[in-house]
Amino acid sequence: MTHSIDTGDLLLAAIQAAMQAGNLLKSGYGSAFEICCKPGPHNLVTVYDSSAESIIINTIKQRFPTHAFLAEESGSSAKSASPYLWVIDPLDGTLNFANNIPLFAISIAAAHKKEIVAGVIYLPIMNELFTAEKGKGAYLNGKRLSVTTVDNLEHAVLCTGMPSDIHQHTNPYLASFARIAKEGCAIRDFGSAALNLAYLAAGRVSAYWIDSLQPWDMAAGKLLVEEAGGMVTHYDGKPHDVFSESNLLASNGRIHKTMVKELKR
Ligand code: 2AM
Ligand code: CA
């Protein structure tokens, strides 16, 4: 029988790994480096994505050698019998990083039997460390977070992520964007899913929607939002599964129903 690990120990390992990878990203930010394209012109990767990922995985492995990993650059680790899985995005917002825009994040989540129990989102240039443990709240640099209390779109600041294939075909995203914009809210696109979810948890925006995300983009952010009192679902309002590629609607809860209505296709 495996004994369960205290979520505080998982969180500590995640913080340590995020700070170490953050030092690397700080050293690379603004320097000259090669930028490679994954499929799609705005889907970039740099040596910093893979190096930061190695630092994170090695740091966590030192503490928890038997755990499994799912990470953006290296994918899924070899089959492991462990009920613990680490879900990692070493550099979320690579396009920002490569264009000297300081809005990028390291996202690390620990799952036990597919339930996210600890999460860290670290914005190295902004010196902002967002942390959450299941059932114990969400924090920014040690200060407790809660979502906004805005209950209508007219007074809300929202954020979204534009699909990278927006130029290729008539996209339902544009129609829903127009419907939401017509409600009179302010809309931002900060270019990093993890950062957007952390900002929602911190009460800086009241909702976030995006057509398609991968587990590593959203695992830590979902826990942060929920622990700050917010809600994360699919566009149709159904419970969200972070382990499948899917659309995502996160909000402060109060404007969730309205957003579901606006996103109906
Ligand atoms: P990535 O840079 O690691 O791909 C951009 O809006 C944010 O959403 C980034 O965090 C980006 O992560 C993420 N994202 C993931 N899949 C996406 C997709 N298909 N189109 C646009 N953004 C996506
Ligand atoms: Ca990402």
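Here the structure is shown first, and the text comes after it.
This structure is a prediction, so every number in the text was calculated from the model and none was measured.

Asker: Mind laying out the nonpolar core, listing which residues take part and the relevant values?
Answerer: Membership of the largest hydrophobic core comes to 44 residues, with the highest contact counts inside it found for V87, I116, I121, F130, Y208, L224 and L248. Take this core: its biggest share by element is eight residues, from helix α5 (residues 193-201). Residues from two domains meet in this core; each of domain 1 (7-144) and domain 2 (153-264) gives at least three. Non-local contacts of V87, meaning those with residues more than four positions away in its chain, are made with L70, S107, I108, A109, P215, W216, A219 and F243.

Asker: Help me get a handle on the packing of aromatic side chains, residues and values and all.
Answerer: Enumeration over the complete set of coordinates arrives at nine aromatic pairs. With a centroid separation of 5.0 Å and an interplanar angle of 90°, the aromatic rings of F97 and F104 are classed as edge-to-face. Taken together, a centroid distance of 6.3 Å and an interplanar angle of 25° make the contact between Y173 and W209 stacked. Of this pair, Y173 sits in helix α4 (residues 172-181) while W209 is found in strand β13 (residues 207-213), placing the two residues 36 residues apart along the sequence. When sorted by exposure, Y173 lands in the same class as W209, which is buried. Aromatic ring contacts, followed pair by pair, group Y29, Y48, F97 and F104 into a single cluster.

What counts and what doesn't
Residues numbered from 1 in each chain as written. Chains lettered and ligands numbered in written order. Predicted model: local features only at pLDDT ≥ 70, side-chain atom pairs only at ≥ 80, totals over all residues. Heavy atoms only, no water. Core = buried A, V, L, I, M, F, W, Y, C linked by side-chain atoms within 4.5 Å. Buried < 20%, exposed > 50% of the residue type's maximum accessible area, 1.4 Å probe, protein only. Helix = DSSP H or I, 4+ residues; strand = E, 2+ residues; numbered from the N terminus. Domains from an automatic or database assignment. Contact = heavy atoms within 4.5 Å. Phe/Tyr/Trp six-rings, centres within 6.5 Å; stacked < 30°, edge-to-face > 60°.

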